[in-house]
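Structure at a glance
Chain by chain, the residues run as shown.
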Amino acid sequence: MARTRTPVVSGWFTEHPATEADFHLIGTRCRTCAAVFFPREDTCCRNPRCAGTELTGVALSRRGRVWSYTDGRYRPPAPYPSDPLLPWRPYTLVAVELAAERMVVLGQGAPGVTPADLRVGREMEVVPGVLYEDAERTWTTWHWRPVGWDRG
Amino acid sequence: MTGDVAVLGAGMHPWGKWGRGFTDYGVAAARAALTDAGLHWSAIPSVVGANTVRGGYPGQVAGATFARALGARGARVLSVYAACASGAHAIAAARAQILAGLCEVVLVVGADAAPKGFFAPAGGERPEDPDWLRFRLLGATNPAYFALYARRRMALFGDTPEDFALVKVKNAIAGAANPYARYRTPVSAAEVAASPLVADPLRLLDICATSDGGAALVLSSLDFARRHGAGRPVRIRAVSTVTPEYPQPALDLPDIATDSAAALPPAPRSFRESIAGAAYEEAGIGPEDLSLAEVYDLSTALELQWYEDLGLCAPGEAAALLRTGATGPGGRIPVNPSGGLASFGEAVPAQAIAQVCELTWQLRGQADRRQVPGARTGITANQGLFGHGSAVVAVR
Ligand SMILES: [Zn+2]
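- By the naming in an unreviewed UniProt entry, chain B is Lipid-transfer protein, taken from Streptomyces palmae.

- As recorded in an unreviewed UniProt entry, chain A goes by Benzoylsuccinyl-CoA thiolase and comes from Streptomyces palmae.

Remarks on the overall build of chain A
- Scanning chain A for helices and strands turns up 0 helices and 9 strands.
- Taken from the N to the C terminus, the helices and strands of chain A come in the order β-β-β-β-β-β-β-β-β.
- Dimensions along the principal axes, computed over C-alpha positions, put chain A at roughly 50 × 35 × 30 Å.
- For chain A, the proportion of its 152 residues judged to be buried stands at 49%.
- A sequence separation of at least 24 residues applies to 55% of the contacts in chain A between residues at least 6 apart.
- Carbon and sulfur atoms make up 49% of the accessible area of chain A, which amounts to about 7,700 Å² in all.
- The distance from the centre of the 19 positive side-chain charges to the centre of the 17 negative ones in chain A is 5 Å.

Notes on the side chain of T140 of chain A
- Mapping T140 of chain A onto the fold places it in strand β9 (residues 137-146).
- Look past the residues within four positions of T140 of chain A in its chain and what remains in contact with it is R5, T6, P7, V8, F13, G129 and V130 of chain A.

Description of the sheet that holds strand β4 (residues 55-59) of chain A
Residue and element names in this part refer to chain A.
- A sheet is described by the order of its strands in space; here 3 strands give the open sequence β3-β2-β4, paired in antiparallel fashion. Bordering the open sheet on either side are β3 (36-37) and β4, each of which pairs with just one other strand.
- Examined bridge by bridge, strand β2 (residues 26-30) and β4 share 5 bridges and lie antiparallel to one another. What sits directly across from I26, in β4, is A59.

Comments concerning the sheet that holds strand β1 (residues 5-16) of chain B
Residues and elements named next belong to chain B.
- Taken in spatial order, the 9 strands make up an open sheet running β3-β2-β4-β7-β1-β8-β11-β10-β9, and their pairing is mixed. Strand pairing shows two members of the sheet lacking a second neighbour, β3 (76-80) and β9 (292-295), which therefore form its edges. Going from strand to strand, the sheet's axes swing by 25 degrees on average, the running direction of each strand aside.
- Here β9 runs beside strand β10 (residues 377-384); their pairing, made up of 4 bridges, is parallel. Of the residues in β10, the one forming a bridge with E294 is T380.
- In the packing of helix α4 (residues 86-99) onto the sheet, the strands contacted are β1, β2 (46-50), β3, β4 (105-112), β7 (212-220), β8 (234-240) and β11 (388-395), and the crossing angle to β2 comes to about 160 degrees.

Some words on the interface of chain B and chain A
- Opposite the 39 residues of chain B that make contact, chain A presents 46 residues.
- For the pair chain B and chain A, the two sides together bury roughly 3,600 Å², of which 65% comes from carbon and sulfur.
- Taking the shortest distance from any N to any O, the salt bridge between R46 of chain A and D259 of chain B comes out at 3.0 Å.
- Within the residue set of the side of chain B that touches chain A, elements represented by two or more residues are α5 (130-138), α6 (142-157) and β5 (197-199) of chain B.
- Considering each element in turn, the side of chain B that touches chain A owes the most residues, 8 residues, to α6 of chain B.
- Considering only residue class, the side of chain B that touches chain A consists of 29 nonpolar, 4 polar and 6 charged.

Remarks on the UniProt feature "domain: Thiolase C-terminal" (unreviewed entry) in chain B
- Mapped onto this numbering, the UniProt entry annotates "domain: Thiolase C-terminal" (unreviewed entry) at residues 276-392 of chain B.
- Between the end C-alpha atoms of residues 276-392 of chain B there is a gap of 9 Å, over a span that is 39% helix and 15% strand.

What to know about the pattern of salt bridges
Residue and element names in this part refer to chain B.
- Within the structure shown, the criterion is met by 29 salt bridges over all chains.
- A salt bridge links R95 to E282, with the shortest nitrogen-to-oxygen separation between them at 2.8 Å. Pair noted here: R95 is in helix α4 and E282 is in helix α10 (residues 271-283), with a separation of 187 residues, a long-range link.
- For E282, a relative accessible area of 41% gives the class partly exposed.
- We note a salt bridge from D309 to R272, for which the minimum N-O separation is 2.8 Å. Residue D309 is located in helix α11 (residues 300-309), and its partner R272 is located in helix α10; the two are separated by 37 residues in the primary sequence.

Thoughts on the coordination of the zinc ion
Residue and element names in this part refer to chain A.
- In this structure, C30 (SG), C33 (SG), C45 (SG) and C50 (SG) serve as the protein donors to the zinc ion, at separations of 2.3 to 2.4 Å.
- Taken together, the 4 donor atoms coordinating the zinc ion and their angles of 104 to 114 degrees define a geometry best described as tetrahedral.
- In terms of primary sequence, the donors binding the zinc ion are separated according to C-x2-C-x11-C-x4-C.
- Looking at C30, the relative accessible area reads 2%, which means it is buried.

Describing the packing of α10 of chain B against α11 of chain B
Residues and elements named next belong to chain B.
- At a closest axis distance of 9 Å, the pairing of α10 and α11 adopts a crossing angle of 55 degrees. The angle between α10 and α11 places the two elements in the oblique class. Judged by the sense of rotation from one axis to the other, the crossing of α10 with α11 is right-handed. Touching R272, E273, I275 and A276 of α10 are L302, Q305, W306 and D309, all from α11.
- Its residues assigned to classes, the contact of α10 with α11 shows 4 nonpolar, 1 polar and 3 charged.

What counts and how
Each chain carries its own residue numbering, running from 1 in the written order of its sequence. The naming scheme follows written order: chains are lettered A onward, ligands numbered 1 onward. Predicted model: local features are reported for residues with pLDDT of at least 70 only, side-chain atom pairs are reported and counted for 80 or more only, and whole-chain, interface and lining totals are derived from all residues. Only heavy atoms go into the side-chain values, all of them from the structure, while hydrogens and water stay out. We count a stretch as a helix when DSSP gives it H or I for four or more residues in a row; a strand needs E for two or more, and each element gets its number in order from the N terminus. The buried label goes to any residue with under 20% of its type's maximum accessible area, the exposed label to any with over 50%, and the partly exposed label to all in between, with areas taken from a 1.4 Å probe on protein chains only. When checking whether two residues touch, look at their non-hydrogen atoms; a contact exists if any pair is within 4.5 Å. All accessible areas in this document rest on Shrake-Rupley with a 1.4 Å probe, and a residue is counted as covered only by the protein chains that are shown. All tallies of charge rest on Lys and Arg as positive and Asp and Glu as negative; His and the ends of each chain are not included. Think of each charge as sitting on NZ of Lys, CZ of Arg, CG of Asp or CD of Glu. Pairs of strands are assigned from DSSP output, requiring at least two bridges between the strands. Throughout, an axis means a line fitted to C-alpha atoms (over the contacting stretch in the case of helices), and angles, computed between N-to-C directions, take values from 0 to 180 degrees. Buried surface area refers to the total accessible area, computed with a probe of radius 1.4 Å, that the two partners give up upon joining, counted for both partners together. In the sections that follow, a salt bridge refers to a side-chain nitrogen of Lys or Arg positioned within 4 Å of a carboxyl oxygen of Asp or Glu. As a working rule, the residues Ala, Val, Leu, Ile, Met, Phe, Trp, Tyr, Cys and Pro are called nonpolar, Asp, Glu, Lys and Arg charged, and the rest polar, with Gly in that last group. UniProt positions are given in the numbering used here, feature names are shortened, and annotations may be inferred rather than shown by experiment. For Na, K and Ca the donor cut-off is 3.2 Å, while for other metals it is 2.8 Å, and in both cases only N, O and S atoms qualify; water is not among them, so sites may look incomplete. Geometry assignment treats four donors as tetrahedral when all angles are between 85 and 135 degrees, treats four as square planar and six as octahedral when opposite donors are over 155 degrees apart and all others between 65 and 115, and treats everything else as irregular. Roughly parallel means an angle under 35 degrees; roughly antiparallel, over 145; roughly perpendicular, 65 to 115; everything else is oblique. What makes a crossing left-handed is the near helix being turned counterclockwise from the far one by less than a right angle; a clockwise turn instead makes it right-handed.

Now the structure itself:
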């Protein structure tokens, strides 16, 4: 039986991209001061000099540069979805700096990306990814992958 | 100094994994602080508790829980929560009561009974909670964030895992001389390097454990201290509890992204710099006046970050300062002479109070084998989740 593709959190990224190039993280932009927020702020601008309450969805830059990175050698606690009966496979976490937005966004590395593949400053792109699968659903998320990555 | 309050008493329950409830540790610490102050509980008109999120409902009304356990008798009560800064916020609340003239003496208590392993968020399905989301979406544990900061320092400043290990070696030496510390054996750089990687580049011995423990202070007005016969008490001269300033370009626990600095330039000071800066300004001192500092070394690399945020050295120079021995025993500015979180493990609401207990004993010259000679002025600093930080300046 085919699983339904369901975003692990709704409204944060393109849900049904036709191609990888169509996939974006989605933040919001204040219509008053143009401040950008990710995760999205939908009711109230957080710029202390602004009282804006109208925020609209905005696609974030697809590419940025590694700000820092690490991995998780031990299984994180719930609510991280992970089957305790299966051996733990470390995953990589990457913090990527987006130049236009002047912000850093965390994400897991695409499958196969390890700390050894990364260095601070390396160019990365956001790609659709899968956080986990259960009986009915494939829970989708975003991943960071080095630009020009050709493994895995 | 009209803004000063006196530290009449300091007390702690040793840190460890004792398997009892947090109330026990808090009550033991409170009784020790009262004994140290030479006051009976019946003489205390106000108690402020630092809450724990791990003790069920009693943990979230810690002031009342401690007051009840000590023998409820109508004292003014307050319970405070500010993540890792809870203890310092409890001190801030007590100080405000004293400076406002609401009461002359206040008991401050914090205690925790910690779980095994990673701190985890509260249960349930809560997609509006960034702390829940970072675990759910990314599995980003606290050590993962510490590791991101450590890797960033390596890339930016050339810090090495050996530098980080040296922090642990230094703090383990200090902790071995502290009867309240949980870990009291020296640790070698080789042992740090041989401990398992938790979050690249940080290893198990780079990251502070979670502990049971309790700490308490008896604070009073200077008038009360004088009448009570405390001629030259340690005095708290500043307590900083500032929020970050938007936009913060540093990735802070538990956030998945930083603020954007595209519409408004970043604040001139980083959040951690502003925590110390506000305390310095209130106390009318600078980093050059310090005899010692107790900082929140959740990881070895974070201790180095604090050197820079406290202004003990310029950005990027913390590892060099460490290597000179300036922050070790007998150095120019000993940091974490208590042994730090490296030797204690974190007992969240007690930890910032324990930092002030250490300042108190150091400034009184009662720190035995870990005494900083001639200590006159000390600072504590910490940072907790959701933009909570604190710094306390004490003088004698
Ligand atoms: Zn705005």
